[in-house]
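# Coordinate analysis (summary)
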Amino acid sequence: MIKKALTLISAVVLAMACQQTVKYSGPTYLDQNAPLEDRIQDAISRMTLEEKVAVIHAQSKFSSAGVPRLGIPELWCTDGPHGIRAEVLWDEWSQAGWTNDSCVAYPALTALAASWNPEISALYGKSIGEEARYREKDVLLGPGVNIYRTPLGGRNFEYMGEDPYLASKMVVPYVQEVQKNGVAVCVKHFCLNNMEENRHGYDVVVSDRALYEIYLPAFKAAVLEGGAWSIMGAYNLYKGQHLCTNQYILNDILKGEWAFDGAVISDWGGVHDTDEAITNGMDLEFGTWTDGLTMGKTNAYDNYFLAQPYLAKLRAGETSEDILNEKVARVLRLMMRTAMNPDKPFGALCSDEHIAAARKIGDESIVLLKNDGDVLPVDLASTKKLLVVGENAVKMMTVGGGSSSLKVKHEVLPLEGIKARVGDAAEVIFERGYIGDVGGTFDGVTTGQDLRDARSEEQLIADAVAAAKEADAVIFIGGLNKADHQDCEGTDRRELGLPYAQDKLIAALAEANEKLAVVIISGNAVAMPWVEQVPAIVESWYGGSQAGNSLADVLFGDVNPSGHLPFTFPVSLDDTGVHSLGGYPEEMKTVEYKEGLLVGYRWADTKNVKPLFAFGHGLSYTTFEWSEAKASATSIKSVQSEVATSVEAEKAAKKSSAITFKLTVKNTGKRAGAELVQLYVSDTECSVERPQKELKAFQKVYLQPGESKVVELSICEDDLRFFDETKHAWVSEKGEFNAIIAASASDIRQTIPFTLK
Ligand code: BGC
């Protein structure tokens, strides 16, 4: 009897305990099973006015406050976008001097775009996201998708090239994979931030068509397809308002037309006015340069525009608390998706997988621009003395360039990668050739390299030439670097030409030894007055921690190059729309985008200008044969005029009326390799002026020697649209179009006409 009673009691106790574990009875905002919006509203209802204001501005260089009383944690940001920045001091930019904050540096975003492979972008996002997670960061300040408008742009290396379609396709997997780690991306710099000179002061004048067709699509893809949880406003102005506090871009477009539910974070010091910050879409203010901040005073953050000045207005009833609640909701949403996400993984730092990923991304991005003769790949059976010339063979590139500067465990330099690959098979000699930038410190992170050299320009060239005469082959490794006025935040380049008398040196090397390969390390196009004299040219970008290994992989043929240019290399600045029309004024105050839609290849095509190397160009060590492409139909049926029952129905109808172009690509050479098939669309007759052709699909295929694969590229009605400024809508006009199957913007293989009915 007693035993029975005890069993009953323990069954009841157990049932109660089980019930307790499944039923959460604490505050809703902490209940992980409650709907996100309920949690946000519950948290807001518990916060004081002061607590609300505290979460919408910084409390240190890279963090904003949580609500300690409610157990809501701080939010930690980090640069971005090529690796996780070293820890900095609470109030200063200088590094904190930790010894456990080295990261893997991934190739720069121009390199990523040059892979033309969304799977590589996914690998990038996964790897960098895991590093951010391990370092306990909630927001990764990147990726950047400002359009490559001028080759002088100091930050082009942090962006994904000149084409809105390519940048859109490449940004989405990066965003999705980072965020799987419970780390938000912060897509930057939104938007029209295409130059660095006077970046806080210039006001952009651009047509709505260029804005919607060229400058917005990659951001839109990151938000709508990638699901980005935050976005960073840009420094400069549009329509007279700073882009961090811009009614048109942030409220009307981002939060209105695109229904963005994430947080708008200011660029560091991008907010200038409390009223504008309140009303014009700014949610979370960072980096404002109050006097206090530079002095490291404790009340510095209280002086932020969205701190005490905002609180004073709220207390005085000058502004509604609803606007504040809306900002707080966005910030809490960001916190709950990241810092307060109980399911976030642990991440990993400097793992073997991450190092291998950095090398693979580099391998896929390097572009073989020219390869006449038999210099590349280097044949070690016939090359016993290999000369390497150039500062960039021995200069660390992960330190410098602005906020993307990193602290890496180890950066494999090009000379190191080459020596490791060559081993005992040949003698590798190095000559400096030119002196560029001997600095090697950024915010307290130093390369530890002493690159000083007292030789004169003449002597450096003479020494390199003498060595070249003795060598079996010469590899020159130069280009730009991360110093001011090169590839560097805060300044633009001053010219298209290579700095430090490199042109003179390259011409002299070409005279001395006909087996010369020139490797350019840069994030920008450079002029090449010696292009005809040099048989092999490679664009190797900033390759991150594994730069030297990736380059060696390609130079010695262990990896067959498959990168393609994400932007045009013009012969001269006059060959670009922006510069020939005066759209890059000396005095950067009002910057009119006079070239409109004609950016990059769109200008070269329309004005019939022959580029040095075209957008989409890239060679391989093998050869490919393309069959004739066949279209699945001769027309696309417009669904615009039909009454679509829903957005989904309209999408499905558009998809079903798409045309698919099919062709077979065969590897006809002796090495495995990858070929890139590009599809452009041209509108032959239209009521508005359109670029001659625009990229609308691409596919990279990997083929063993002798192997063939079918490539299928589809286009639907949406790919034919332009932005109608009067209707403020995307429209397509019925009529004739051409599908252009191409190997680059200048290498057209086939043109197939079709109609939109
Ligand atoms: C840069 C941003 C960067 C921020 C924080 C700013 O100067 O423009 O891209 O994320 O600093 O370092």
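Higher on the page you've got the structure.
Let us look at the overall build of the chain. Per the secondary structure count, the chain includes 21 helices and 29 strands. Here the C-alpha atoms of the chain give a radius of gyration of 28 Å, agreeing with the 27 Å that 2.2 N^0.38 yields for 757 residues. Along the three orthogonal principal directions, the C-alpha set of the chain runs to about 95 × 75 × 65 Å. Within the chain, buried positions represent 62% of all 757 residues. Considering only contacts in the chain between residues 6 or more positions apart, those separated by 24 or more positions represent 77%.

Quick look at the sheet that holds strand β21 (residues 635–636) now. If you trace the five strands from one edge of the open sheet to the other, you get β21-β29-β28-β23-β24, paired in mixed fashion. Strand pairing shows two members of the sheet lacking a second neighbour, β21 and β24 (694–703), which therefore form its edges.

On to the nonpolar core. Phe190, Leu192 and Leu211 are the most contacted members of the largest nonpolar core, which has 139 residues in total. Not counting residues within four places of it along the chain, the set of residues in contact with Leu211 comprises Cys191, Leu192, Val206, Leu216, Pro217, Tyr238, Ile249 and Ile253. Counting residues in each nonpolar core, the second largest holds 74 residues, with Ala393, Leu555, Phe556 and Leu565 among its members.

Attention now goes to unusual backbone geometry. Backbone torsion omega between Asp79 and Gly80 reads 0 degrees, so that peptide bond is classified as cis. With respect to the secondary-structure elements, Gly80 resides in the loop between β2 (75–79) and α4 (109–114). Across the junction of Lys188 and His189, the peptide omega takes the value -10 degrees, indicating a cis bond. The phi angle at Asn198 is positive, at roughly 45 degrees, despite the residue not being glycine.

With that settled, the discussion passes to the site of the ligand. In the region of the ligand, 15 residues are neighbours, and Asp79, Arg155, His189, Tyr235 and Asp267 sit closest. At a separation of 3.3 Å, an oxygen atom of the ligand approaches a polar side-chain atom of Arg85. Glu489 places a side-chain nitrogen or oxygen 2.9 Å from an oxygen atom of the ligand. In the complex, the protein chains occlude 96% of the 310 Å² of accessible area that the ligand would expose alone. In terms of residue class, the shell around the ligand is made up of six nonpolar, two polar and seven charged.

This part takes up the state of the cysteines. Applying the stated rule across the entire model yields zero disulfides. Counting only cysteine sulfurs, Cys244 is the nearest neighbor of Cys191, a cysteine outside any disulfide, at a range of 11 Å. Overall, Cys191 belongs to the buried group, its relative accessible area being 0%. Distance from the sulfur of Cys350, which forms no disulfide, to the nearest cysteine sulfur (Cys103) is 6.5 Å.

The next point concerns the packing of helix α16 (residues 457–470) against helix α17 (residues 502–512). Between α16 and α17, the shortest axis-to-axis distance is 9 Å and the interhelical angle comes to 25 degrees. One way to sum up the angle between α16 and α17 is to call them roughly parallel. You can see that α16 and α17 cross each other, and the crossing is right-handed. Here Glu457, Glu458, Ile461, Ala464, Val465, Ala468 and Lys469 of α16 come into contact with α17, specifically with Lys504, Leu505, Ala508, Leu509 and Ala512. Looking at the contact of α16 with α17 residue by residue, the class counts come to eight nonpolar, no polar and four charged.

A few words on the pattern of salt bridges. Taken as a whole and judged by the stated rule, the model has 46 salt bridges. Lys407 is paired through a salt bridge with Asp101; the nearest N and O atoms lie 2.6 Å apart. Highlighted residues: Lys407 in the loop between β11 (385–389) and α15 (414–422) and Asp101 in the loop between β2 and α4, separated in sequence by 306 residues. The exposure classification of Lys407 matches that of Asp101, with both residues buried. Between Glu158 and Arg155 there is a salt bridge; the shortest N-O distance is 2.7 Å.

Spatially, β10-β17-β16-β15-β11-β12 is the arrangement adopted by the six strands of the open sheet, whose pairing is mixed. Whereas interior strands pair on both sides, the edge strands pair on one side only; in this sheet they are β10 (367–371) and β12 (427–431). With strand direction ignored, the average angle separating the axes of adjacent strands in the sheet is 20 degrees. Note: β10 against strand β17 (residues 536–539), four bridges, orientation antiparallel. Paired with Val367 across the two strands is Glu539, which belongs to β17. The strands that α16 touches are β11, β12 and β15 (473–479); relative to β11, the one it contacts most, it runs at about 160 degrees.

It is worth spelling out helix α18 (residues 547–555) at this point. Within α18, nine of the nine residues are buried, leaving the element largely enclosed by the surrounding structure. Of all the residues in α18, the buried ones are Ala547, Gly548, Asn549, Ser550, Leu551, Ala552, Asp553, Val554 and Leu555. For α18, the elements touching its buried residues are α14 (352–365), α15, β15, β16 (516–521) and β17. Gly557 sits one or two residues past α18 and shows a positive phi near 80 degrees.

Next up on the list: the side chain of Asp437. Secondary-structure assignment places Asp437 in the loop between β12 and β13 (441–442). Of the polar contacts made by the side chain of Asp437, one reaches the backbone nitrogen of Gly439; its length is 3.1 Å. Those residues in contact with Asp437, other than ones at most four positions away along the chain, are Glu391, Lys395, Leu451, Asn481, Ala483 and Tyr500.

Thresholds applied
Residues numbered from 1 in each chain as written. Predicted model: local features only at pLDDT ≥ 70, side-chain atom pairs only at ≥ 80, totals over all residues. Heavy atoms only, no water. Helix = DSSP H or I, 4+ residues; strand = E, 2+ residues; numbered from the N terminus. Rg over C-alpha atoms; globule rule 2.2 N^0.38 Å. Buried < 20%, exposed > 50% of the residue type's maximum accessible area, 1.4 Å probe, protein only. Contact = heavy atoms within 4.5 Å. Pairing = 2+ DSSP bridges. Core = buried A, V, L, I, M, F, W, Y, C linked by side-chain atoms within 4.5 Å. Near = heavy atom within 4 Å. Polar contact = N/O pair within 3.5 Å; in protein donor to acceptor, adjacent residues only side chain to side chain. Areas by Shrake-Rupley, 256 points an atom, 1.4 Å probe, with all protein chains shown as cover. Nonpolar A, V, L, I, M, F, W, Y, C, P; charged D, E, K, R; others polar. Disulfide = S-S within 2.5 Å. Axes fitted to C-alpha atoms, helices over the stretch in contact; angles between N-to-C directions. Parallel < 35°, antiparallel > 145°, perpendicular 65-115°, else oblique. Left-handed = near helix turned anticlockwise from the far one by under 90°. Salt bridge = Lys/Arg side-chain N within 4 Å of Asp/Glu carboxyl O.

Worth remembering: the numbers are spatial, not functional.
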